[in-house]
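If you want the building blocks of each chain, they are given just below.
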Amino acid sequence: MKKWILGFVLSCPLAAAAMLPHAPSDAEVAALPRFCAIKFKRPGPDSESQFGRANWTHMHHYCHGLKFVNRARNYPKDRGYYLDRAKGEYRYVFRATQPDFWFRPQMYMEMARIHLQLDEKLDAQKLLYEAIRLNPRYEPAYLVLVELLRQGGVKDAALTVSTQGVRYLPESRALQQAYLDSGGEMPFPAGIDDKASSPSSSGPVAGGASQADGAIGADDQAAATHTEEVPSSGCRFCPPEEISERWRESFQTGE
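Residues numbered from 1 in each chain as written. Predicted model: local features only at pLDDT ≥ 70, side-chain atom pairs only at ≥ 80, totals over all residues. Heavy atoms only, no water.

Right, let's get into helix α12 (residues 155-168). If you check α12, its first and last C-alpha atoms are 20 Å apart, about what 14 residues at 1.5 Å a residue would give, namely 20 Å. When we look at burial in α12, the residues that qualify are Ala157, Ala158, Val161, Ser162, Gln164, Gly165, Val166 and Tyr168. (Helix = DSSP H or I, 4+ residues; strand = E, 2+ residues; numbered from the N terminus. Expected span 1.5 Å × (residues − 1). Buried < 20%, exposed > 50% of the residue type's maximum accessible area, 1.4 Å probe, protein only.)

This next bit is on the confidence of the model for the chain. Residues with a pLDDT of 70 or more make up 65% of the chain, whose mean pLDDT is 74. Confidence drops under pLDDT 50 across residues 198-255; counting only partners more than four residues distant or on other chains, this segment forms 118 contacts. (pLDDT = per-residue confidence, 0-100. Contact = heavy atoms within 4.5 Å.)

As a further point, take the state of the cysteines. With the rule as written, the count across this model stands at one disulfide. The residue that forms a disulfide with Cys36 is Cys63, at a sulfur-sulfur distance of 2.1 Å. Judged by the sign of its S-S torsion, about -90 degrees, the cystine formed by Cys36 and Cys63 is left-handed. Linking Cys36 in helix α4 (residues 34-41) with Cys63 in helix α7 (residues 59-74), this pair joins segments that are 27 residues apart in sequence. In terms of burial, Cys36 and Cys63 fall into one category: buried. (Disulfide = S-S within 2.5 Å.)

What follows deals with the packing of aromatic side chains. Applying the stated criterion across every chain yields a total of 18 aromatic pairs. Their ring planes at 80 degrees and their centres at 6.0 Å tell us that Phe51 and Phe103 sit as a pair that is edge-to-face. You can see Phe51 sitting in helix α5 (residues 45-51) and its partner Phe103 sitting in the loop between α8 (79-96) and α9 (104-117), a full 52 residues away along the chain. Given a relative accessible area of 0%, Phe103 falls into the buried group. Ring-pair connections join several aromatic residues into one group, and the members of that group are Phe35, Phe51, Trp56, Tyr62, Tyr90, Phe94, Phe101, Trp102, Phe103 and Tyr108. Here Lys39 stacks its cationic end above the ring of Trp56, 4.8 Å away from the centre of that ring. If you follow Lys67 out to its NZ or CZ, it ends over the ring of Phe68, 4.1 Å from the centre. (Phe/Tyr/Trp six-rings, centres within 6.5 Å; stacked < 30°, edge-to-face > 60°. Lys NZ or Arg CZ within 6 Å of the ring centre and 35° of its normal.)

So this is what it looks like as structure tokens:
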């Protein structure tokens, strides 16, 4: 009987993962962005003002998603299990938060990284296109998408995406290098006055939007079809200016 039980446990790779509690440990919370500690322990008005009450209500699911990504890194034998759990948390946040939530591009980028860890390159590509469509000044999504396209041998698309990135972010040396590595030539393309442009305007990004909706699910389709007056910044999905610096400090793009 003991041998049978041992054999069953060894044949079930999810058994070890299922033993960890859903709630994060103190050490896990410490590894998450600062607002996650507030969300898990001390919800307050400062966080509501940053994300908006309707979005803040659901952000613990985002934090759990990050937690599962970290567990996938820390427990490699259960990597697939935890990444699948992370995808479920992110999908919930996509469905539950407002279509014009400024944080969506960041979440799409992180979900794309999960897909890449699972070698789901097409799903990752769709989400990266959508992140850029929503925020054409979101540099990390450009860089990852260009590299993904180049690795896939889609050089023309890599050049198109990097060209658009340089036009929206003409001071980005990383995008300038990506443009040159993709076959672009000097001088660099002229910058775009995005204050006069819609976030879903020219380039490959608009073409990738409907694909991303399919990857995320029908419940999230409003994110790509939602239209409203574009603010003076030219970017409806960019974070408010007063928290841009905190955004850069709190959220890391590296794996």
